[in-house]
Amino acid sequence: MRILHTSDWHLGRSLHRVSMLTAQSVFLDHLVTTVREREVDAVLVAGDVYDRAVPPLAAVELFDRALHRLAAEGVPTVMISGNHDSARRLGVGAGLIERAGIHLRTDPARCHVPVVLADGHGDVAFYGLPYLEPALVKDEFRTERVRHEAVIGAAMDRVRADLASRATATRSVVLAHAFVAGGEPSDSERDITVGGVAAVPSGIFHGVDYVALGHLHGCQTITERIRYSGSPLAYSFSEAAHRKTMWLIDLGPGGEVAAERVDVPVPRPLARLRGSLEELLGDPSLDRHEGSFVEAALTDPVRPAEPMARLAERFPHVLSLLFEPERTDGDDAPVSYAQRLAGRSEQQIAEDFVAHVRGGGPDGRERAVLRDAFDEVRVEDAVHEGAGRRG
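Keep in mind that this is a model prediction, so the values were computed, not measured.

Parameters at a glance
Residues numbered from 1 in each chain as written. Predicted model: local features only at pLDDT ≥ 70, side-chain atom pairs only at ≥ 80, totals over all residues. Heavy atoms only, no water. Pairing = 2+ DSSP bridges. Helix = DSSP H or I, 4+ residues; strand = E, 2+ residues; numbered from the N terminus. Axes fitted to C-alpha atoms, helices over the stretch in contact; angles between N-to-C directions. Core = buried A, V, L, I, M, F, W, Y, C linked by side-chain atoms within 4.5 Å. Buried < 20%, exposed > 50% of the residue type's maximum accessible area, 1.4 Å probe, protein only. Phe/Tyr/Trp six-rings, centres within 6.5 Å; stacked < 30°, edge-to-face > 60°. Lys NZ or Arg CZ within 6 Å of the ring centre and 35° of its normal. Expected span 1.5 Å × (residues − 1). Arc of directions from axis to C-beta. Contact = heavy atoms within 4.5 Å. UniProt positions renumbered as here; feature names shortened; annotations may be inferred. Salt bridge = Lys/Arg side-chain N within 4 Å of Asp/Glu carboxyl O.

## A look at the sheet that holds strand 4 (residues 42–46)
Working step 1: Spatially, 6 strands are ordered 6-5-4-1-13-14 in an open sheet, and the strand pairing comes out mixed. Single-partner strands in this sheet number two, and they are strand 6 (102–105) and strand 14 (257–263). Each strand of the sheet is rotated relative to its neighbour by a mean of 20°, with strand direction disregarded.
Working step 2: The sheet contact formed by strand 5 (residues 77–80) and strand 6 spans 4 bridges and is parallel. When the sheet's bridge partners are listed, Val-78 is paired in strand 6 with His-103.

## Topic: the nonpolar core
Generally speaking, soluble globular proteins have nonpolar side chains that are buried together.
Working step 1: Judged by nonpolar contacts, the single largest core of 32 residues is most densely connected at Leu-129, Phe-141, Ile-152, Met-156, Val-174, Phe-205 and Leu-213.
Working step 2: Those elements that provide at least two residues to this core are strand 8 (122–129), helix 5 (134–141), helix 6 (148–164), strand 9 (171–177), strand 10 (210–214) and strand 12 (226–228).
Working step 3: By residue number, the principal contributor to this core is helix 6, which donates 7 residues.
Working step 4: If you look at the next biggest cluster of nonpolar residues, it comprises 29 residues, including Leu-4, Leu-31, Leu-70 and Met-79.

## Focus on the packing of aromatic side chains
Working step 1: Scanning the model with the defined rule gives 2 aromatic pairs in all.
Working step 2: Between Trp-9 and Phe-27 the ring centres are 5.9 Å apart and the planes differ by 70°, which places this aromatic pair in the edge-to-face class. Taken together, the residues Trp-9 in the loop between strand 1 (2–6) and strand 2 (14–15) and Phe-27 in helix 1 (residues 21–37) connect sequence positions 18 residues apart. Each member of the pair, Trp-9 as well as Phe-27, is classed as buried.
Working step 3: Between Arg-227 and the ring centre of Trp-247, over which it is positioned, the NZ or CZ distance is 4.4 Å.
Working step 4: Directly above the ring of Phe-293 sits Arg-268, whose terminal nitrogen or CZ lies 5.5 Å from the centroid.

## Description of helix 2 (residues 57–73)
Working step 1: End to end, helix 2 covers 25 Å across 17 residues, agreeing with the expected 24 Å (1.5 Å per residue, within 8%).
Working step 2: Among all positions of helix 2, only Ala-59, Leu-62, Phe-63, Ala-66, Leu-67 and Leu-70 are buried. Burial along helix 2 is one-sided: seen end-on, the buried residues are contained in an arc of 140°. The outward face of helix 2, more than 90 degrees from its buried face, is lined by the exposed residues Leu-57, His-68 and Ala-72.
Working step 3: The inward-facing, buried residues of helix 2 contact helix 1, strand 4, strand 5, helix 3 (87–90) and strand 6.
Working step 4: Gly-74 lies just past helix 2 and shows a positive phi near 70°.

## With respect to the UniProt feature "domain: Calcineurin-like phosphoesterase" (unreviewed entry) in the chain
Working step 1: Per the UniProt entry, the sites bearing "domain: Calcineurin-like phosphoesterase" (unreviewed entry) are residues 1–218 in this numbering.
Working step 2: Secondary structure across residues 1–218 divides into 31% helix and 22% strand, with the first and last C-alpha atoms of the span separated by 25 Å.

## Structural notes on the environment of Ser-165
Working step 1: Along the polypeptide, Ser-165 turns up in the loop between helix 6 and strand 9.
Working step 2: Among the residues examined, Ser-165 registers a relative accessible area of 59% and is labelled exposed.
Working step 3: Separated by 143 residues in the primary sequence, Ser-165 and Thr-22 have C-alpha atoms spaced 45 Å apart.

## Points about the side chain of His-148
Working step 1: On the secondary structure map, His-148 appears in helix 6.
Working step 2: Contact partners of His-148, with chain neighbours within four places excluded, come to Tyr-131, Leu-132, Pro-134, Gly-153, Ile-192, Val-194, Val-197, Ala-198 and Val-200.

## Observations concerning helix 8 (residues 307–314)
Working step 1: Turning to helix 8, its buried residues number three or more, namely Pro-307, Leu-311 and Arg-314. One side of helix 8 holds all its buried residues, which, seen down the axis, span an arc of 50°.

## So, the pairing of strand 7 (residues 115–119)
Regular strands place their side chains on alternate faces of the sheet.
Working step 1: Two strands pair when backbone bridges link them, and strand 7 and strand 8 are joined in this way by 5 bridges, in the antiparallel orientation. When the sheet's bridge partners are listed, Val-115 is paired in strand 8 with Phe-126.

## Focus on the sheet that holds strand 15 (residues 270–275)
Working step 1: One open sheet accounts for 3 strands, arranged 15-16-17; its pairing is parallel. On the outer flanks of this sheet lie strand 15 and strand 17 (318–323), each paired with one strand and no other. Within this sheet the neighbouring strands show an average axis-to-axis angle of 15°, counted without direction.
Working step 2: Note that strand 15 and strand 16 (residues 293–298) share 6 bridges and pair parallel. By the bridge assignment for strand 16, Gly-275 is matched with Leu-298.

## Describing the pattern of salt bridges
Working step 1: Here the structure, examined in full by the defined rule, presents 20 salt bridges.
Working step 2: Residue Asp-139 is joined to Lys-138 by a salt bridge in which the shortest nitrogen-to-oxygen separation is 3.4 Å.
Working step 3: Taking relative accessible area as the criterion, Asp-139 reaches 62% and is therefore assigned exposed.
Working step 4: Taking the relative accessible area as the measure of exposure, Lys-138 reaches 27% and is therefore partly exposed.
Working step 5: The shortest N-O distance in the salt bridge between Arg-166 and Asp-162 comes to 2.8 Å.

Take a look at the structure:
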């Protein structure tokens, strides 16, 4: 069975206030063309279909057109909700849409109920694990610990129990939206840390033939049977070096996995440039970036006049400007606020603040209080988004 694995469309997202809807439409054209030309048997979308719980109308219309086109191809599509989606909103009409071969899996309680497709070698059971917010699903899965590992482990136990009740030749595929240990994150993914822990071990998915992951935006292989497709477009400059692709998976009669990366069109590449303003304006080797979205880091010791306007004369699609003066030996000038925060979690930033104002960092009890507070706010946000009370 030939499977096309994709995820993290983030329909409706912008890049530094530049709408990506046209580029997303180009991607979906390419997706449908790939389905047709590569004779795909099933399409998988591993979460974050939309960029927010209540997406703009143009994004909903784009999604609607994509569903109609996939249904017209007669190729089954299995989708799960991600942490950016409102599971309840995305799942509206799922029973009716399923008649057209579009299978929306957004209800955690039904993660063990597969979409069963067949080829010449027998059945393939597709299990959809939507994003599982631990605090919201712990009662459903009867877990004592409010952790991603606990709830995903409980969901996978249900999957394996259902799979054990089927014919031994039944092959299995799981779609999941999670941060799996060994994956490389980027700046554009929303933090899903719970209790100080974000990642789950890859071994939690044992017993199935292929795991189609979503959440991380870089295409990557955790194991031969566990892969991230990544996002089809770059949604931050931290993704400038990503090769954006989908996975074309051939699932053999005995569960063998053969994987091929299918490149996605790049409507406009991203470039991260660094140097003084005069260097960036005069370096002929940068000619190739004049049509790119540009993030420029200026190293001038003194901030030059009107740098954005001057850069835009050569790089009309410059979107981001950073000031990073080069430091000389013995120069202990402080780094920028953005640099100090780069790569740090909300918990770490809060602990640093406590250390700054008090002269010493928080103790274990205080760290736990901070952690619980951040978890509570994140869960409250998830509940509000799911109810459609936030944009």
